[in-house]
Amino acid sequence: MPEPVRHAYVSGAGMTPFGRHPQRSLTGLGSMACLEALDDAGLAPADVQAAYCGSAMAALVQGESGLGQSVLWELGIHGIPVVNVENACATGATALHLAWRDVAWGVRDVVLAVGVDKAVMPKGSVLKAGTTQLEAQLGDVFPGLFALIAQKHMQAYGTTLRQMARVSVKNHDHGALNPLAQFNKRVTIEQVLESPMIAEPLTLFSCCPNSDGAAAAVICSERWLRDTRRDRVRIAASVLTSGDYDPMRDLTFWNSESRAVQQAYEASGLGPGDLDLVEVHDAFTISEILHCEAIGLCEPGGGGPLVESGATTLGGRIPVNPSGGLQARGHPPAASGLAQIFEIAVQLRGEAGPRQIAGARVGLAQIMGGSKGNDAQACAVHILVNDRLP
């Protein structure tokens, strides 16, 4: 793949509160996040030259198409290229990757990426996601799949129930400091372990919630950065992969993720030792443990002891999911990837308030979506760097 011809920056980011928004439409949520991102960038809607709008649930749940055009119309933006994106839980990160590609290769100077979903389902209903896959048709929906992954990791590496529960406790601690998070209430290890069983060994508090919400980012070239901002959040790497789909693979890691992480480190010239914070796709507690291993924060099998040591909490060696992650911040599937970018951007700019990580300069965001043949259908990894002006 050819090298980018110039740098691309996150010049603005916006995010709605995640949770339940029964009175707000998809269009309303999406336009709210976009307006916040544009205001943060110091740009006007008329400055946007193209947009990528992601929704994983719009067609599946709301039966809505052409969402991006509707969101942009609410902003008074029309006549520009608007592309609607769907890539399961990696949808928002995919929209970001496409926006980065436009700017980094000199196609456009200001591109908007937005992800929005209303994924809160009626109580007792099952979200019909991924049902075109044979595994899901046979009943292997995501909680069951990740329960098998957890059991395999426990068997292979001795990972414990309390170590997995510690992920939920930590992320709810972080979410309590995030006013945009769906859950601002802390939980204990005992509460996690004693909550209703979903798929053994995963309990209710081991699983992320379904959520409504939106997040957006303005990606621009250097000459479009707001002159008054000294903190320049550069996208040092943007990688999107798909899976190998080997049904015999080891369940304790994803090939798609391993490739994405390696490519992101190579593109950025950075490594795990350079990271100051990480946002990962903690749809289930075991997920964060595996992602920490894949990113290189510890050796394979070391994810449980890593979280147990406190290294991944705020104030620890390498905070993971300071936003609260999917576990506490919530999970509108298409918005989650861009919510990670929002969190890293405010951290690198020193604007994260009580959850601020002192001196943060480099952050990594990882998210994946879908499942096929024992691998993720999509995995995105972004590395952001603060190129602070003197």
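In the block above lies the structure referred to throughout.
To start, this report covers the structure provided alongside it. (Residues numbered from 1 in each chain as written. Predicted model: local features only at pLDDT ≥ 70, side-chain atom pairs only at ≥ 80, totals over all residues. Heavy atoms only, no water.)

Time to look at the overall build of the chain. A count of helical and extended segments in the chain gives 13 helices and 11 strands. Principal-axis analysis of the C-alpha atoms gives the chain an extent of 55 × 45 × 40 Å. Sorting the 390 residues of the chain into buried and exposed places 59% on the buried side. Taking contacts inside the chain between residues at least 6 apart in sequence as the whole, the part at least 24 apart equals 78%. Total accessible area on the chain stands at roughly 15,100 Å², and carbon and sulfur atoms take up 53% of it. Counting 29 positive and 38 negative side-chain charges, the chain places the centres of these two groups 4 Å from one another. (Helix = DSSP H or I, 4+ residues; strand = E, 2+ residues; numbered from the N terminus. Buried < 20%, exposed > 50% of the residue type's maximum accessible area, 1.4 Å probe, protein only. Contact = heavy atoms within 4.5 Å. Areas by Shrake-Rupley, 256 points an atom, 1.4 Å probe, with all protein chains shown as cover. Lys, Arg positive; Asp, Glu negative; His and termini not counted. Charge placed at Lys NZ, Arg CZ, Asp CG, Glu CD.)

Turning to helix H1 (residues 26-41), a few remarks are in order. Here H1 is 16 residues long and its end C-alpha atoms lie 23 Å apart, about the 22 Å a rise of 1.5 Å per residue gives. Residues Leu26, Thr27, Leu29, Gly30, Ser31, Ala33, Cys34, Ala37, Leu38, Asp40 and Ala41 constitute the buried set of H1. Phi turns positive one or two residues past the end of H1, at glycine 42, with a value near 75°. (Expected span 1.5 Å × (residues − 1).)

With that settled, consider the packing of helix H9 (residues 255-268) against helix H10 (residues 285-295). Look at H9 against H10: their axes get within 9 Å of each other, and the N-to-C directions meet at 40°. Taken together, the axes of H9 and H10 are oblique relative to one another. When you trace H9 past H10, the crossing you get is right-handed. Taken together, the residues of H10 that come into contact with H9 (itself represented by Glu257, Val261 and Tyr265) are His291, Ala294 and Ile295. Each residue belonging to the contact of H9 with H10 can be placed in one class, and the counts come to 4 nonpolar, 1 polar and 1 charged. (Axes fitted to C-alpha atoms, helices over the stretch in contact; angles between N-to-C directions. Parallel < 35°, antiparallel > 145°, perpendicular 65-115°, else oblique. Left-handed = near helix turned anticlockwise from the far one by under 90°. Nonpolar A, V, L, I, M, F, W, Y, C, P; charged D, E, K, R; others polar.)

For the pair helix H7 (residues 161-175) and H10, interaxial distance at closest approach is 8 Å and the crossing angle is 95°. The orientation of H7 with respect to H10, classified from their angle, is roughly perpendicular. The residues of H10 that touch H7, namely those facing Gln163, Met164, Val167, Ser168, Lys170 and Asn171, are Thr285, Ile286, Glu288 and Ile289. Of the residues belonging to the contact of H7 with H10, the class tally is 4 nonpolar, 4 polar and 2 charged.

Taking burial as the measure, the 9 residues of strand E8 (residues 233-241) include 8 buried ones, the bulk of the element. Here 8 bridges tie E8 to strand E11 (residues 378-386), and the two strands are oriented antiparallel to one another. Within the sheet, the bridge partner assigned to valine 233 lies in E11 and is asparagine 386. (Pairing = 2+ DSSP bridges.)

Among the residues of helix H3 (residues 67-74), Leu67, Gly68, Val71 and Leu72 are the ones counted as buried. For H3, the buried positions fall inside an angular range of 130° around the axis, keeping them on one side. Within H3, the exposed residues directed more than 90 degrees away from the buried face are Trp73 and Glu74. Just beyond H3, the residue with positive phi is glycine 76, at close to 80°. (Arc of directions from axis to C-beta.)

Turning our attention to the nonpolar core. Counting residues in hydrophobic clusters, the biggest one holds 46 residues, and the most contacted among them are Leu275, Val278, Ile286, Ile295, Leu297 and Ile383. Looking at this core, the elements that each hand over two or more residues are helix H6 (142-157), H7, E8, H9, H10, helix H11 (303-308), strand E10 (362-369) and E11. Within the second largest apolar cluster, 38 residues are counted, among which are Ala335, Ala339, Ala352 and Ala360. (Core = buried A, V, L, I, M, F, W, Y, C linked by side-chain atoms within 4.5 Å.)

On to the environment of valine 71. Tracing the backbone shows valine 71 in helix H3. Overall, valine 71 belongs to the buried group, its relative accessible area being 0%. Remark: the alpha-carbon pair of valine 71 and asparagine 321, spanning 250 residues in sequence, is separated by 29 Å. Those residues within four positions of valine 71 in sequence are excluded, and the remaining contacts are Thr27, Gly30, Ser31, Cys34 and Cys53.

The next point concerns the packing of aromatic side chains. Tallying each qualifying case throughout the model produces 3 aromatic pairs. Ring plane angle 90° and centroid distance 5.3 Å describe the contact between tryptophan 100 and tryptophan 105, whose orientation is recorded as edge-to-face. Here phenylalanine 146 and phenylalanine 284 contribute two aromatic rings whose centre-to-centre distance is 4.7 Å and whose plane-to-plane angle is 25°, an arrangement assigned as stacked. Taken together, the positions of phenylalanine 146 in helix H6 and phenylalanine 284 in the loop between strand E9 (277-279) and H10 put the pair 138 residues apart, joining distant regions of the chain. By the burial criterion, phenylalanine 146 is buried, and phenylalanine 284 matches it. (Phe/Tyr/Trp six-rings, centres within 6.5 Å; stacked < 30°, edge-to-face > 60°.)

As far as function goes, none of this settles anything; it's purely spatial.
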